[in-house]
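# Fold and geometry: a report
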Amino acid sequence: MINRDSLAHKIDMATGRIPVDTLICNCRVVDVFSQTMIEGPVALGDGKVIAVGHEAALHNAEKRIDAGGGIVIPGLIDAHVHIESSAVIPSQFARCVLPHGTTSVIADPHEIANVCGLEGIRYMLEASENLPLNVNIMLPSCVPATPFEKSGASLSAKDLATLINHPRVGGVGEVMDFVGVINASKDMVDKVNLAHQHDKVADGHSPGLTGQDLTAYVLSGIKTDHECSTIQEMHERIRQGMYVQIRLGSACRDLPNLIHGVTPANARRCLFCTDDREPADILHNGHINSNLRMAVELGLDPMLAITIATLNSAECYNLKGKGAVAPGYDADLVIVDNLEEFNTRHVFTSGDEVARDGKLLVDFPDFISSSVTQTVNIAPIDKADLALSVPSGEARMIQVNPGSVVTGSTSGKVKANSKGLFDPKLNPGLTKLAVVERHKATGNIGLGILANYGIVNGAVATSIAHDSHNIVVAGDNDADMIAAIRDIEAIGGGISICKNGKVLGNLPLPIGGLMSDKPAAEVAEYMHTLLGIATNELKINPEIQPIMTLVFMTLPVIPELKLTANGLFDVNSFSFVETAL
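Computed from a prediction, not measured in an experiment: that's the story for all the values here. (Residues numbered from 1 in each chain as written. Predicted model: local features only at pLDDT ≥ 70, side-chain atom pairs only at ≥ 80, totals over all residues. Heavy atoms only, no water.)

## Things to note about the pairing of strand E16 (residues 333-336)
By the alternation rule, side chains of E16 split into Leu333 and Ile335 and Val334 and Val336, which are all buried. Here strand E7 (residues 71-74) pairs with E16 via 4 bridges, running antiparallel. In the sheet register, isoleucine 73 faces E16, and the bridge partner there is valine 334. Alignment of E16 against strand E17 (residues 344-349), held across 4 bridges, turns out to be antiparallel. Note on E17: the bridge partner recorded for leucine 333 is phenylalanine 348. (Buried < 20%, exposed > 50% of the residue type's maximum accessible area, 1.4 Å probe, protein only. Helix = DSSP H or I, 4+ residues; strand = E, 2+ residues; numbered from the N terminus. Pairing = 2+ DSSP bridges.)

## With respect to the environment of serine 104
By the element assignment, serine 104 lies in strand E9 (residues 102-107). Dropping the residues within four chain positions of it, serine 104 is found in contact with Leu76, Ile77, Asp78, Leu133, Asn134, Lys322 and Asp332. (Contact = heavy atoms within 4.5 Å.)

## Details of the sheet that holds strand E23 (residues 445-451)
Pairing is mixed in the open sheet, where 8 strands are placed in the order E21-E20-E23-E22-E25-E24-E26-E27. Sheet topology places strand E21 (408-413) and strand E27 (502-508) at the edges, where each strand pairs with a single neighbour. Neighbouring strand axes in the sheet, compared pairwise and without regard to direction, differ in orientation by 25° on average. As defined by bridge partners, strand E22 (residues 430-436) adjoins strand E25 (residues 471-475) across 5 bridges and the pair is classed as antiparallel. For leucine 433, the partnering residue across the bridge sits in E25 and is alanine 474. Its contacts with the sheet put helix H16 (residues 478-490) on E22, strand E24 (459-462), E25, strand E26 (494-499) and E27, and the angle it makes with E26 is roughly 150°. The sheet strands contacting helix H17 (residues 520-536) are E26 and E27, and the helix crosses E27 at an angle near 150°. (Axes fitted to C-alpha atoms, helices over the stretch in contact; angles between N-to-C directions.)

## Observations regarding the UniProt feature "domain: Amidohydrolase-related" (unreviewed entry) in the protein
Taken from the UniProt record, the annotation "domain: Amidohydrolase-related" (unreviewed entry) applies to residues 71-354. Across residues 71-354, the secondary structure splits into 35% helix and 20% strand, with the terminal C-alpha atoms separated by 17 Å. (UniProt positions renumbered as here; feature names shortened; annotations may be inferred.)

## Here we look at the pairing of E23
Extensive coverage of E23 is indicated by the burial of 6 of its 7 residues. Where E22 and E23 come together, 7 bridges link them in antiparallel fashion. Looking at E23, one finds that leucine 433 is bridged to glycine 448.

## Section: unusual backbone geometry
Omega for the bond connecting valine 143 with proline 144 falls within 30 degrees of zero, at 0°, which places this linkage in the cis form. One can find proline 144 in the loop between strand E10 (134-139) and helix H6 (157-161). Note that the residue after histidine 466, namely aspartate 467, is joined by a cis bond; omega there is 0°. Tracing the backbone through its elements, the reader meets aspartate 467 in the loop between E24 and E25. At alanine 87, a residue that is not glycine, the phi angle is positive and equals roughly 65°. For alanine 87, the position within the fold is in the loop between strand E8 (76-81) and helix H3 (90-97).

## Looking at the sheet that holds strand E30 (residues 575-577)
Whenever strands of a sheet pair, they do so through backbone hydrogen bonds, lying parallel or antiparallel. Spatially, the 3 strands line up as an open sheet ordered E28-E29-E30, and their pairing is antiparallel. Either end of the sheet is taken by a strand with one partner, and the two such strands are strand E28 (561-564) and E30. With strand direction ignored, the average angle separating the axes of adjacent strands in the sheet is 45°. Sheet analysis places E28 next to strand E29 (residues 567-570), joined by 4 bridges and oriented antiparallel. Bridge pairing in E29 links leucine 561 to aspartate 570.

## What about the packing of aromatic side chains?
According to the stated counting rule, one finds 7 aromatic pairs in the structure shown. With 5.5 Å between their ring centres and 85° between their planes, phenylalanine 148 and phenylalanine 574 make a pair best called edge-to-face. A residue pair is termed long-range when its members are at least 10 positions apart, and phenylalanine 148 in the loop between E10 and H6 and phenylalanine 574 in the loop between E29 and E30 qualify at 426 residues. In this structure an aromatic cluster arises from ring pairing among Phe148, Phe569, Phe574 and Phe576. Its guanidinium or amino end placed over the ring of tyrosine 243, arginine 269 lies 3.9 Å from that ring's centre, counting from NZ or CZ. (Phe/Tyr/Trp six-rings, centres within 6.5 Å; stacked < 30°, edge-to-face > 60°. Lys NZ or Arg CZ within 6 Å of the ring centre and 35° of its normal.)

## Quick notes on the nonpolar core
Judged by nonpolar contacts, the single largest core of 139 residues is most densely connected at Ile121, Ile246 and Phe272. In this structure, Leu388, Val390, Ile482 and Ile488 belong to the second largest nonpolar core, which totals 27 residues. (Core = buried A, V, L, I, M, F, W, Y, C linked by side-chain atoms within 4.5 Å.)

## Comments concerning the pattern of salt bridges
Counted according to the given criterion, the structure contains 24 salt bridges. Here lysine 10 and aspartate 46 are joined by a salt bridge, their closest N and O atoms 4.0 Å apart. Taken together, the residues lysine 10 in helix H1 (residues 4-15) and aspartate 46 in the loop between strand E4 (42-45) and strand E5 (48-52) connect sequence positions 36 residues apart. Judged by its relative accessible area of 32%, aspartate 46 is partly exposed. Residue glutamate 119 pairs with arginine 122 through a salt bridge whose shortest N-O separation is 3.0 Å. With a gap of 3 residues between them, glutamate 119 and arginine 122 both fall in helix H5 (residues 118-127), about one helical turn apart. (Salt bridge = Lys/Arg side-chain N within 4 Å of Asp/Glu carboxyl O.)

## Here's the deal with H16
Over its 13 residues, H16 extends 18 Å from the first C-alpha to the last, a length consistent with the 18 Å expected when each residue adds 1.5 Å. Along H16, the residues classified as buried are Asp480, Met481, Ile482, Ala483, Ala484, Ile485, Asp487 and Ile488. Those residues of H16 hidden inside the fold are in contact with E22, E24, E25, E26 and E27. The residue sitting at the N-terminus of H16 and contributing the capping side-chain oxygen is asparagine 477; that oxygen lies 3.4 Å from the backbone nitrogen of alanine 479. Phi turns positive one or two residues past the end of H16, at glycine 492, with a value near 75°. (Expected span 1.5 Å × (residues − 1). Polar contact = N/O pair within 3.5 Å; in protein donor to acceptor, adjacent residues only side chain to side chain.)

## Comments concerning the packing of helix H13 (residues 288-297) against helix H14 (residues 302-309)
Packing of H13 against H14 brings their axes to within 10 Å, and their N-to-C directions diverge by 150°. Between H13 and H14, the angle is such that the two are roughly antiparallel. Handedness of the H13/H14 crossing: right-handed. Side by side, H13 and H14 meet where Ile288, Leu292 and Val296 of the first sit next to Pro302, Ala305, Ile306 and Ala309 of the second. When the residues that make up the contact of H13 with H14 are grouped by side-chain class, the tally is 7 nonpolar, no polar and no charged. (Parallel < 35°, antiparallel > 145°, perpendicular 65-115°, else oblique. Left-handed = near helix turned anticlockwise from the far one by under 90°. Nonpolar A, V, L, I, M, F, W, Y, C, P; charged D, E, K, R; others polar.)

What follows is the structure, encoded as structure tokens:
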């Protein structure tokens, strides 16, 4: 809240009666309101933009920065991201994205909430407090993601209401249970209505939804969707008044297709997001600036692209003072070299320069809480628990599609061993898949068969397994699968690769079994090593990302066939089915 004295101080700076804090010179400025370029400097003071263009040139300043002919654009905004998917805690995530020009994010802590409930959300709020990155939190609406899963927590609208008035809570996170909304289930209607009651946003998630069902979903007041995969889906949602978040993540890369559906007429209903992006991807390719780079390369007007990456998201999520370079707006700015590559020279948040030429200039503490550690709690497990009976010699299989989290559903003949059990060694090209409940030691284990994964003499396991984050493990023999599960338990959550009963490599993720307490570069190096082991030692299909593929094998809201700790789930019929036919 601006008080009278601070307002008067800014007015004094604007009129030139007193010097501004910083004057950025030798630059041009993108005006997202008129889609034009302004010649001249930018004056900053008290964390705000004081003046732009010729007016700014008249000011004295405590500090001057020569932009070297660069272009000033508003700080970039990620309209939908799961910080946990970067495998690092919020402070380390901030260290990753700030040098790339991202100054604000709309974060949905859906992943850690499914592990730790309200304590997980509180941790993300506390861990992102006072960072130079503006972290706005959406309260996860689907914990668990569906009624058919075994997650670590269950959150009702009443639970979420305890945090809805937090100043950095922007509303209710992606409503994945679109079936519940369409059927007007009390739980989902209460959660969406919670956002409306407090004049906040309800985020959407409705892959493939169309026609009357989509109308009912939109009518509920859900405002956004990041799950469009076709231009037709995108246009249908925009026509019904939704914002479409155009995603460029590490696994889901819808931008190359959807960007061709953006026009000057509908661009103001478009946002950019990453959703899930791995640390190596951010470090090497950038963050929202990579969305900008690709969009422009594919033909989108740079001014429209910048507006999508800034002002649109700020207006959608009621981020007052964000999204533009204009008097009175927050001094969250990025100076880029050009409007093609979007390489960042300088990054400012609240008027302070926080990064230059890809290097962070500020430091801030990490925060870890015991409330989100020691989260792996499994029942004793042995080979008998992984026995998958296929008495008929025919089975349903999850078909892996390279480059997509959408899986196919196929069926066919499989060879059984002398006990009538599925044995991957007898079925080249097929892999056993298991999901082990890891929150309350219930002993629940779902078993299935994975086609096109291709693993030889080993197993890969991870406690990152959307959205309930149980342990998912794929292997061609039970001994290695159990060894990998036990290693996950020993390291308190993470990723493990085993061969011949030995751990070839692992990545501990002690925070919720999802995030490391190490720097992103170190996590990326660990991950690079594990991917090399998976491809070279275990001969996993080189056309797929071996770990990220498993992470999404448990997500029962993405078609077509998935595996949960409760069993094999047909997303099309929204029901459990048997593996054996």
